[in-house]
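For reference, the chains in residue letters:
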Amino acid sequence: KHEILHRSQHQDLPNIQLVDLKDELKKGNHSPISEKLSQAIQENLDKKELTLLLHNKRGFANYLICQDCGKVIECPHCSISLTLHKTPTGTNLMCHYCSHTQKIPSNCTNCGGVNLKSIGSGIQKIVEETQKMFPTARILRVDSDTTSTKNAHSEIYESIKQNHYDIIIGTQMIATGLDISGLSLVGVTNADISLNMPDFRAAERTFQLLTQVSGRAGREQKQGQVIIQTFNPDNPVLNCVKNHDFNQFYNTELQFRQEFNYPPFAKLTKLTYSHPKIEKLITEIQRVEQILKNNKIRFKSAAALIEKKSNKYYHHILINSLKPENIIPQLDLNPDWWVDRDPVSTI
């Protein structure tokens with residue numbers, strides 16, 4: 001076991017606060033920026049210090065819904081809603097998996113209704129809201145859409161170091177690697193985005209992400225400030241982040257993993273099958289499941305979180321076995337299968 005017990009120059013760890021977004025709604029604040037975070041940003045602007053906001057969701061809004069029939073506009077090639085993106089040529093709908101892009105329809109394709117509404121907040125909406133709240137602030141957006149060109153990362157980093165911006169708003173790519181003088185405030189707009197993913201490593205990833213982004217604040221001698229917005233302020237993972245309590249998180253998470261027989265107490269192998277025809281997929285999955293049952297192998301079987309991507313259907317089978325090499329040859333897997341030993345993600 002190896003521990004790092006202090007920061008590189010023995011600086012104080014940042015002061016981390018949790019803001020309950022339920023209370024913000026009760027007060028009538030429907031902005032993605034809470035009152036406390038807004039005040040902290042204004043104070044930082046007055047002091048001419050840099051603010052970093054993490055919002056781990058691309059686009060302008062999460063999806064477009066018909067308020068008449070409840071139909072959500074989905075990608076024609078993937079089983080996921082299309083995300084609103086604002087571009088120089090206008091606002092379009094885009095799929096984050098196959099990159100399908102289409103114009104916003106004037107009416108619902110299901111019922112013909114015209115009451116279409118965008119739901120949720122992507123990073124573009126956070127930027128827009130922040131610009132309205134702080135009209136004189138110099139704001140930089142950092143996500144995969146703004147960093148797709150050659151040398152974009154290095155150019156952005158240099159512009160930040162040269163004090164060209166007051167507020168940086170980005171996805172998880174800004175959580176690590178930034179060592180900027182004057183960056184004293186970090187805000188997380190919604191910590192629940194990563195925390196509620198249906199994967200046994202969701203808590204671990206959230207703890208890592210929030211701890212890493214919090215570490216961007218106060219890297220000089222002045223203590224930094226971190227404000228994390230959430231609908232679940234009593235969540236034990238978030239409180240471990242707040243208290244910089246790695247040991248508490250480690251022990252709690254280890255107990256959870258042991259109770260449900262997850263790694264490191266078990267070895268997982270993820271078998272993924274994809275096929276353009278759902279009937280063929282079902283038949284093949286049932287065939288493999290029966291072999292596993294006959295051999296009394298522990299497994300879980302479920303459609304992928306995004307069941308259809310680029311006109312192909314996906315299904316996962318998780319094998320819980322210390323020696324999967326003993327059973328996999330018996331499954332007679334064809335080239336449409338993928339075998340992932342110790343998978344990073346189960347979804």
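Each remark here, short or long, concerns the structure printed above.
The following paragraphs examine the structure supplied in this document. (Residues numbered from 1 in each chain as written. Predicted model: local features only at pLDDT ≥ 70, side-chain atom pairs only at ≥ 80, totals over all residues. Heavy atoms only, no water.)

### A closer look at the overall build of the protein
So, point 1. The secondary structure content of the protein amounts to 9 helices and 15 strands.
So, point 2. Along the longest, intermediate and shortest principal axes, the C-alpha atoms of the protein span 70 × 60 × 45 Å.
So, point 3. Expressed as a percentage of its 347 residues, the buried residues of the protein come to 44%.
So, point 4. The contacts of the protein with a sequence gap of at least 6 include a subset with a gap of at least 24, amounting to 72%.
So, point 5. Total accessible area on the protein stands at roughly 18,700 Å², and carbon and sulfur atoms take up 49% of it.
So, point 6. Side chains of the protein give 41 positive and 36 negative charges; the mean places of these two sets differ by 4 Å. (Helix = DSSP H or I, 4+ residues; strand = E, 2+ residues; numbered from the N terminus. Buried < 20%, exposed > 50% of the residue type's maximum accessible area, 1.4 Å probe, protein only. Contact = heavy atoms within 4.5 Å. Areas by Shrake-Rupley, 256 points an atom, 1.4 Å probe, with all protein chains shown as cover. Lys, Arg positive; Asp, Glu negative; His and termini not counted. Charge placed at Lys NZ, Arg CZ, Asp CG, Glu CD.)

### Re the packing of aromatic side chains
So, point 1. All told, the structure shown has 8 aromatic pairs when counted by the stated rule.
So, point 2. Consider the rings of Phe207 and Phe249, whose centres lie 4.4 Å apart with planes at 5°: the pair is stacked. Taken together, the residues Phe207 in helix α6 (residues 202-214) and Phe249 in helix α8 (residues 246-259) connect sequence positions 42 residues apart. One exposure class covers both Phe207 and Phe249, and it is buried.
So, point 3. On the basis of an interplanar angle of 20° and a centroid distance of 6.5 Å, the ring pair of Tyr314 and Trp338 is categorised as stacked. Of this pair, Tyr314 sits in strand β14 (residues 312-320) while Trp338 sits in strand β15 (residues 337-341), and the two are 24 residues apart along the sequence.
So, point 4. Under the relative-accessibility criterion, Trp338 is labelled partly exposed at 44%.
So, point 5. Here the aromatic residues Phe200, Phe256, Phe260 and Tyr262 are joined through ring pairs into a cluster of three or more.
So, point 6. The side chain of Lys309 reaches across the aromatic face of Tyr314, ending 5.2 Å from its centre. (Phe/Tyr/Trp six-rings, centres within 6.5 Å; stacked < 30°, edge-to-face > 60°. Lys NZ or Arg CZ within 6 Å of the ring centre and 35° of its normal.)

### A few points about the environment of His153
So, point 1. Among the secondary structure elements, His153 is positioned in helix α4 (residues 152-161).
So, point 2. For His153, a relative accessible area of 52% puts it in the exposed group.
So, point 3. Taking the C-alpha atoms as reference points, His153 and Val142, 11 residues apart in sequence, are found 8.9 Å from one another.
So, point 4. Once residues within four sequence positions are removed from consideration, His153 is found in contact with Thr147 and Met173.

### Section: the pattern of salt bridges
So, point 1. Throughout the structure, instances matching the rule amount to 14 salt bridges.
So, point 2. Residues Lys27 and Glu35 are paired through a salt bridge, measuring 3.7 Å at the closest nitrogen-oxygen approach.
So, point 3. A relative accessible area of 53% means that Lys27 is categorised as exposed.
So, point 4. Residue Arg287 is joined to Glu284 by a salt bridge in which the shortest nitrogen-to-oxygen separation is 2.8 Å. Here Arg287 pairs with Glu284, and both are found in helix α9 (residues 278-294), just 3 residues apart, close to one helical turn.
So, point 5. Arg287 sits in the partly exposed class, given a relative accessible area of 29%.
So, point 6. Owing to a relative accessible area of 7%, Glu284 belongs among the buried residues under this scheme.
So, point 7. Connected via shared salt-bridge partners are Glu24, Lys27 and Glu35. (Salt bridge = Lys/Arg side-chain N within 4 Å of Asp/Glu carboxyl O.)

### A short note on the packing of α6 against α8
So, point 1. Axis separation between α6 and α8 bottoms out at 11 Å; the angle between their running directions is 165°. If you check the angle between α6 and α8, you find them roughly antiparallel. Here α6 and α8 pass one another in a crossing that is left-handed. Only Phe246, Phe249, Glu253 and Arg257 of α8 make contact with α6, whose side of the interface consists of Ala203, Glu204 and Phe207.
So, point 2. Looking at the contact of α6 with α8 residue by residue, the class counts come to 4 nonpolar, no polar and 3 charged. (Axes fitted to C-alpha atoms, helices over the stretch in contact; angles between N-to-C directions. Parallel < 35°, antiparallel > 145°, perpendicular 65-115°, else oblique. Left-handed = near helix turned anticlockwise from the far one by under 90°. Nonpolar A, V, L, I, M, F, W, Y, C, P; charged D, E, K, R; others polar.)

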